[in-house]
Amino acid sequence: MARNIYQELWELDIKPENNGCTVTSRGRDGKWVNPNADIKLDEQNELSSGGGDNAPNPLIAEFNSDKLEGKTYVAFKALMNNYVFNARQSEDYLGDNEVEDREIETFLDEIEKTAVMQMALEYINDELKANIDAAEFRAVTKKLWFEIYTNYFNGNPIPFSSGFEHIVVGESKSNPSANGVGGYHSWTKYLYDQESGRVNFNGYNYDNDLGRLSPDGAAVPHVATISMTYTPLDMDGKPMRRKRKNLGGFFVGPSPELQIAMPVVAYYESINGQFSGTEKQVEINDAVYSLVLYMETRENQTRGDRLRSFFPKFLRLKKSGPDPDPGPIQGEIQGDIAIVAILANPVGSDEAGKEWVEIENRSDRIITLDGFQLIDHKDRPEPLSMDIVPNQPVRVVVTRSTQNSMQLTNSGGSVSVVDPTGKLISKVEYPKSSDGELLFFT
């Protein structure tokens, strides 16, 4: 059986001698499930339909401040003022600013001593056969997280990008007129901003995306999927216009070293074929998550080797016992079948058999799709007839068997999965795509 390295790292991280934090939520009686936990997470109410503030109290109700005095936390915090919130504005470091470059090296010095980073390296070598030493592991970690690059996602160049800026610090949306916040997937950064009064929690937001997320997430203390408003600072430390992030998420409790290690492990797993597109399903503690990993997009639209984003999606609570009936199922499967990738514009002519749609079973049971269909934005069908096993994407070729059969258009459109009664199971909308461009969905 394959190792669950994310569970192993989490368990190692919260040992008393290490730097991770234990977390608790409120029980049904309103009391803390574990009153001795380092973090008391108060998710309160679901985001209101009008998008207002539906959470009167802070997200992190209480916190063991002694944890923040650890060396990796101190070094982690020192990095956060090295970044400009404007995604198109230059960061002055990595060779240009000796002090800030030294802060990065100090942080890497501190985390490479930790048991978490050492376990991550051991797994990458033993299980993923990377065959790298500690010095190369540090160099790869630095490149993934801190090297500046220009991101060309969808042909829209965003200069001065870095993994740390996007994932930890957060940045303005790439569209200069947008009012949103990109990235910001660190509970530690959130805590610092909460303490300084720069962030306001508006409510949890677990029930979107055709049922793939569930309100059960609010009962899981190790993740927060939330709406918030945020006041960034400019280069002079002065407050800027308030920004809103209606849907954002992060694990709660991991030490700085674990926050760094998980995407590095995910990167190595992804180049070893263990991710389906940009996602991998994992179990951590009492829940099932989809880990989402985005890498940089190069100018030629190929995947680069520096981090763009990494965050968890809560999928469901982990079952406490074995399924009494492991056979194929039909019926209520909304949210279990997902469209994960399509090729709408193959190189050359769009003849039959070149276009395809990739679907995935995100439940833990075999699902029978006899009588189901893929349909395009004009309701033209592509019949499905198969058993689909968990976590193994299936590529469905668009046959164009008749003039009224499903087609994928180069200019953009939508693809849906419907059951034999016509009920919508899953749907994605896709943009205009260039020749041979693969489109991935989360």
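In this text, all values refer to a predicted model and were calculated from it rather than measured experimentally.

Asks: So what's going on with the overall build of the chain? Residues and values would help.
Replies: Summing up its helical and strand segments, the chain has eight helices and 23 strands in all. Relative to its full complement of 442 residues, the chain shows a buried share of 53%. By sequence separation, contacts in the chain at least 24 residues apart represent 63% of the contacts at least 6 residues apart. Accessible surface, the chain as shown: approximately 19,500 Å² in total, 48% of it carbon and sulfur.

Asks: So what's going on with the packing of aromatic side chains? Which residues, and what values?
Replies: The full count for this structure, using the stated rule, is 15 aromatic pairs. Counting every residue linked through ring pairs, the aromatic cluster contains Trp10, Tyr204, Tyr206, Phe251, Tyr289 and Phe314. Looking at Arg26, its charged tip hangs above the ring of Trp32, at a distance of 4.0 Å from the centre. Its end group placed over the ring of Trp356, Arg395 keeps NZ or CZ at 3.6 Å from the ring centre.

Asks: Pulling in residues and values, what's your account of helix H5 (residues 134-146)?
Replies: A rise of 1.5 Å per residue sets the reference length of H5, with its 13 residues, at 18 Å; its end C-alpha atoms lie 18 Å apart and thus fit the reference within 8%. Within H5, the full set of buried residues consists of Phe137, Arg138, Val140, Thr141, Leu144, Trp145 and Phe146. The inward-facing, buried residues of H5 abut helix H3 (98-112), helix H4 (115-126), helix H6 (163-169), helix H8 (256-271), strand S12 (287-297) and strand S13 (303-317). Here H5 starts with a cap whose side-chain oxygen sits 3.2 Å from the backbone nitrogen of Ala135, and that cap is Asp133.

Asks: Explain the pattern of salt bridges to me, using residue names and the numbers behind them.
Replies: Using the criterion set out here, one finds 24 salt bridges in the structure. Between Glu122 and Arg3 there is a salt bridge; the shortest N-O distance is 2.9 Å. Here Glu122 is found in helix H4, whereas its partner Arg3 is found in the segment before helix H1 (5-13), with 119 residues between them in sequence. Judged by its relative accessible area of 23%, Arg3 falls in the partly exposed class. Glu98 is the salt-bridge partner of Arg102, the closest N and O atoms lying 3.7 Å from each other.

Asks: Account for H3, naming residues and giving values.
Replies: An ideal rise of 1.5 Å per residue puts 21 Å on 15 residues; H3 measures up with 21 Å between its terminal C-alpha atoms. Listed in full, the buried residues belonging to H3 are Glu100, Ile104, Phe107, Leu108, Glu110 and Ile111. Projected down its long axis, H3 shows its buried positions confined to an angular sector of 165°, all on one face. In this structure, the buried residues of H3 make contact with helix H2 (71-78), H4, H5 and H8.

Asks: Can you lay out the packing of H2 against H3 for me, pointing to particular residues and giving the numbers?
Replies: Following both chains from N to C, one finds H2 and H3 inclined at 155°, their axes separated by 9 Å at the closest point. In terms of axis orientation, H2 runs roughly antiparallel to H3. As for the relative orientation of H2 and H3, their crossing is left-handed in sense. Contacts from Lys71, Thr72, Ala75, Phe76 and Ala78 in H2 reach Glu103, Phe107, Glu110 and Ile111 in H3. The class makeup of the residues in the contact of H2 with H3 is five nonpolar, one polar and three charged.

Asks: Pulling in residues and values, what's your account of the sheet that holds strand S22 (residues 424-430)?
Replies: In space, the four strands of this open sheet follow the order S18-S17-S21-S22, with antiparallel pairing throughout. Two strands bound the open sheet, and with one partner strand each, they are strand S18 (381-383) and S22. Along the sheet, successive strands turn relative to each other by an average axial angle of 20°, direction set aside.

Asks: Any chance you could break down the packing of H5 against H8 for me, citing the residues and the numbers?
Replies: The interhelical angle for the contact between H5 and H8, taken along N-to-C directions, is 95°, at an axis separation of 11 Å. With respect to each other, H5 and H8 are oriented roughly perpendicular. Of the residues in H8, those touching H5 at Phe137, Val140, Thr141, Leu144 and Trp145 are Gln259, Ile260, Pro263, Val264, Tyr267 and Tyr268. Class assignment of the residues belonging to the contact of H5 with H8 gives a composition of nine nonpolar, two polar and no charged.

Conventions and cut-offs
Residues numbered from 1 in each chain as written. Predicted model: local features only at pLDDT ≥ 70, side-chain atom pairs only at ≥ 80, totals over all residues. Heavy atoms only, no water. Helix = DSSP H or I, 4+ residues; strand = E, 2+ residues; numbered from the N terminus. Buried < 20%, exposed > 50% of the residue type's maximum accessible area, 1.4 Å probe, protein only. Contact = heavy atoms within 4.5 Å. Areas by Shrake-Rupley, 256 points an atom, 1.4 Å probe, with all protein chains shown as cover. Phe/Tyr/Trp six-rings, centres within 6.5 Å; stacked < 30°, edge-to-face > 60°. Lys NZ or Arg CZ within 6 Å of the ring centre and 35° of its normal. Expected span 1.5 Å × (residues − 1). Polar contact = N/O pair within 3.5 Å; in protein donor to acceptor, adjacent residues only side chain to side chain. Salt bridge = Lys/Arg side-chain N within 4 Å of Asp/Glu carboxyl O. Arc of directions from axis to C-beta. Axes fitted to C-alpha atoms, helices over the stretch in contact; angles between N-to-C directions. Parallel < 35°, antiparallel > 145°, perpendicular 65-115°, else oblique. Left-handed = near helix turned anticlockwise from the far one by under 90°. Nonpolar A, V, L, I, M, F, W, Y, C, P; charged D, E, K, R; others polar. Pairing = 2+ DSSP bridges.

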